[in-house]
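As a plain string of letters, each chain reads:
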Amino acid sequence: MSWFAYQRMLPLTSSPPVIEHMHYSFLTLARQALRRNRGWQPVWRDAEPRRSYDVVIVGGGGHGLATAYYLAKQHGIRNVAVVEKGWIGSGNAGRNTTIVRSNYLLPGNEPFYEWSMKLWEGLEQELNYNAMVSQRGVLNIFHSDAQRDASARRGNAMHLAGADAEMLDTEAVRRMLPFLDFENARFPIKGGLLQRRGGTARHDAVVWGYARGASDLGVDIIQNCEVTGFVRDGNRVTGVSTTKGPILADKIGLSVAGSSSRVAALAGLKLPIESHVLQAFVSEAIKPLIPGVVTFGAGHFYISQSDKGGLVFGGDIDGYNSYAQRGNLPTVEDVCEGGMALMPAIGRLRILRSWGGLVDMSMDGSPIIDRTPLQGLYLNAGWCYGGFKATPASGWCFAHLLARDESHPVAASYRLDRFETGHLIDEKGQGAQPNLH
């Protein structure tokens, strides 16, 4: 189909449609129950692309949808489209372990994640949607005097940024989690750093809530629409080529997680990012056991319990570059070994299923929210392990950048050129090796 034929097929209007909003409440639930649930409306509109938009967001995950929502809500920019190659939330947004926290160390990270935590705390009221945010606490176990000192330093950094942090000794941890292996001579439990405001949220519900909020404000959510290239005018990007035809836009934001390098390459950009597989697991359901989120300090293992009773846990990335959403058995073994060292009782459970997500690992382990060298093209990538917990602040700050062409203060350090200037945010101190962060 020619460009001109495609243009004639598209609606002439560029104004966002008027949306009838259904407010969720107990009264709405009761009313629908009396009507035998025949009056529920679709949560969001499944739109078809129009000729042009002010902003096109590539990627229909949590970050992309949050960006579109905050563009419309905070900046009044409603002529926005979110294009997703599959269904919304089909990528990393639905493939993570749902942990929410702001227990970071470095000044380039902690204010950003604390702002995200504050947005999490009001998210359900903001969106009028049950995202199942549960502030049940996040406890990082430490096993040596050196780790205790590092945890104290991290807790002090959190306090300076306005976050909550509490140091627990061995007995306090024992009262909270008596089933841990406190007699392990190799990994003795010396205490833990607790953030009581941390916890979990339902990943799918977060995506659906932001999609509903954005759609209600006039944003077009276009599913099954893969970006295959970019429309260029010299050094300026003026649109995207998709499987549903070209779409023009004044500004384009990339928010595609582990596919960032591939999509950016369509515009001729090479990013300081590698894609790796991160696996997660869920066990059979058991009675309530783990009150919050617990992490193992002598290895990379973290665990929580879902509302259905299954234990949800994960560990390190697989360590090699891949675009496959599946992992390998050595990493499964390593994760299970970490779990057994922390709480041997987990060995009595069966793993029901596992899955993999594509994480975009940056060179210093911290994200990028910045303009690209191409005019009109903006980047939100490099989230490593921290993508889900950053969802609200990522959307807030990316929307700020797209609307005002300047970085939000809490994301000012997330520049693309920091790898050239040396202003790195190396939270783990591992150097320029993405698979170690």
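Residues numbered from 1 in each chain as written. Predicted model: local features only at pLDDT ≥ 70, side-chain atom pairs only at ≥ 80, totals over all residues. Heavy atoms only, no water.

## Describing the overall build of the protein chain
Then, number 1: For the protein chain, the helix and strand inventory stands at 12 helices and 18 strands.
Then, number 2: In summary, the protein chain has a C-alpha radius of gyration of 22 Å against a globular reference of 22 Å for 437 residues, a match within 12%.
Then, number 3: If one aligns the C-alpha atoms of the protein chain with their principal axes, the spans along those axes are about 75 × 60 × 40 Å.
Then, number 4: When burial is assessed residue by residue, the protein chain has 55% of its 437 residues classed as buried.
Then, number 5: For the protein chain, restricting intrachain contacts to residue pairs at least 6 apart in sequence, the fraction spanning at least 24 positions comes to 75%.
Then, number 6: Counting every atom, the protein chain has about 19200 Å² of accessible surface; 52% of that belongs to carbon and sulfur. (Helix = DSSP H or I, 4+ residues; strand = E, 2+ residues; numbered from the N terminus. Rg over C-alpha atoms; globule rule 2.2 N^0.38 Å. Buried < 20%, exposed > 50% of the residue type's maximum accessible area, 1.4 Å probe, protein only. Contact = heavy atoms within 4.5 Å. Areas by Shrake-Rupley, 256 points an atom, 1.4 Å probe, with all protein chains shown as cover.)

## Digging into the environment of Ser52
Then, number 1: With respect to the element layout, Ser52 can be found in strand S1 (residues 52-58).
Then, number 2: Residue classification places Ser52 among the partly exposed residues on the basis of a relative accessible area of 25%.
Then, number 3: Taking the C-alpha atoms as reference, Ser52 lies 8.2 Å from Gly239; in sequence the two are 187 residues apart.

## Here we look at the packing of aromatic side chains
Then, number 1: Under the counting rule described, the total for this entry stands at 16 aromatic pairs.
Then, number 2: Arranged with centres 5.8 Å apart and planes meeting at 40°, the rings of Phe301 and Phe313 form a pair that is tilted. Of this pair, Phe301 sits in strand S14 (residues 301-305) while Phe313 sits in strand S15 (residues 310-321), and the two are 12 residues apart along the sequence. Take Phe301 and Phe313: they sit in the same class, and that class is buried.
Then, number 3: With a centroid separation of 6.4 Å and an interplanar angle of 80°, the aromatic rings of Trp383 and Tyr414 are classed as edge-to-face. Of the two residues, Trp383 is situated in the loop between strand S18 (377-381) and helix H11 (391-404) and Tyr414 in the loop between H11 and helix H12 (418-421); the sequence distance between them amounts to 31 residues.
Then, number 4: Counting every residue linked through ring pairs, the aromatic cluster contains Tyr69, Tyr70, Trp115, Tyr210 and Trp396.
Then, number 5: Between the NZ or CZ atom of Arg212 and the centre of the ring of Tyr24, over which it lies, the distance is 3.9 Å. (Phe/Tyr/Trp six-rings, centres within 6.5 Å; stacked < 30°, edge-to-face > 60°. Lys NZ or Arg CZ within 6 Å of the ring centre and 35° of its normal.)

## Points about empty space enclosed by the protein
Then, number 1: For the coordinates displayed, the defined rule picks out one cavity of 30 Å³ or more.
Then, number 2: Put simply, the largest cavity is a space of about 40 Å³.
Then, number 3: Of all elements in the fold, only helix H4 (110-121) and strand S7 (199-200) reach the threshold of two or more residues within the lining of the largest cavity.
Then, number 4: The leading source of residues in the lining of the largest cavity is H4, at three residues.
Then, number 5: The residue inventory of the lining of the largest cavity, partitioned by class, reads four nonpolar, five polar and two charged. (1 Å grid on protein atoms, 1.4 Å probe; cavity = no way out; pocket = protein on both sides within 12 Å on 5 of 7 lines; lining within 4 Å. Points joined across faces, edges and corners; volume = space filled by probe spheres on them. Nonpolar A, V, L, I, M, F, W, Y, C, P; charged D, E, K, R; others polar.)

## What to know about the nonpolar core
Then, number 1: Counting 52 residues, the largest nonpolar core has Leu65, Tyr70, Leu71, Val80, Phe112, Tyr210 and Ile369 as its most contacted members.
Then, number 2: Mapped onto this core, the elements with two or more residues apiece are S1, helix H3 (62-75), strand S2 (80-83), H4, helix H5 (123-127), helix H8 (203-216) and H11.
Then, number 3: In this structure, Ile369 is in contact with Phe112, Leu379, Asn380, Trp383, Ser394, Cys397, Phe398, Leu401, Ser407, Ala411 and Tyr414, ignoring residues within four places of it in sequence. (Core = buried A, V, L, I, M, F, W, Y, C linked by side-chain atoms within 4.5 Å.)

## Looking at the packing of H3 against H11
Then, number 1: Relative to each other, H3 and H11 sit at 55°, their axes nearing to 7 Å. Considering the angle they form, H3 stands oblique to H11. Crossing geometry of H3 relative to H11 is assigned as right-handed. Contacts between H3 and H11 involve Gly62, His63, Ala66, Thr67, Tyr70, Leu71, Gln74 and His75 from the first element and Thr391, Pro392, Ser394, Gly395, Trp396, Phe398, Ala399, His400, Leu402, Ala403 and Arg404 from the second.
Then, number 2: Of the residues that constitute the contact of H3 with H11, the class distribution is nine nonpolar, nine polar and one charged. (Axes fitted to C-alpha atoms, helices over the stretch in contact; angles between N-to-C directions. Parallel < 35°, antiparallel > 145°, perpendicular 65-115°, else oblique. Left-handed = near helix turned anticlockwise from the far one by under 90°.)

## Comments concerning the pairing of S2
Then, number 1: Neither face of S2 is open: one carries Val80 and Val82, the other Ala81 and Val83, and all of them are buried.
Then, number 2: Relative to S2, S1 runs parallel, the two sharing four bridges. Bridge pairing in S2 places Ile57 opposite Val82.
Then, number 3: Note: S2 against strand S8 (residues 220-222), three bridges, orientation parallel. Across the sheet, residue Val82 finds its bridge partner in S8, namely Ile221. (Pairing = 2+ DSSP bridges.)

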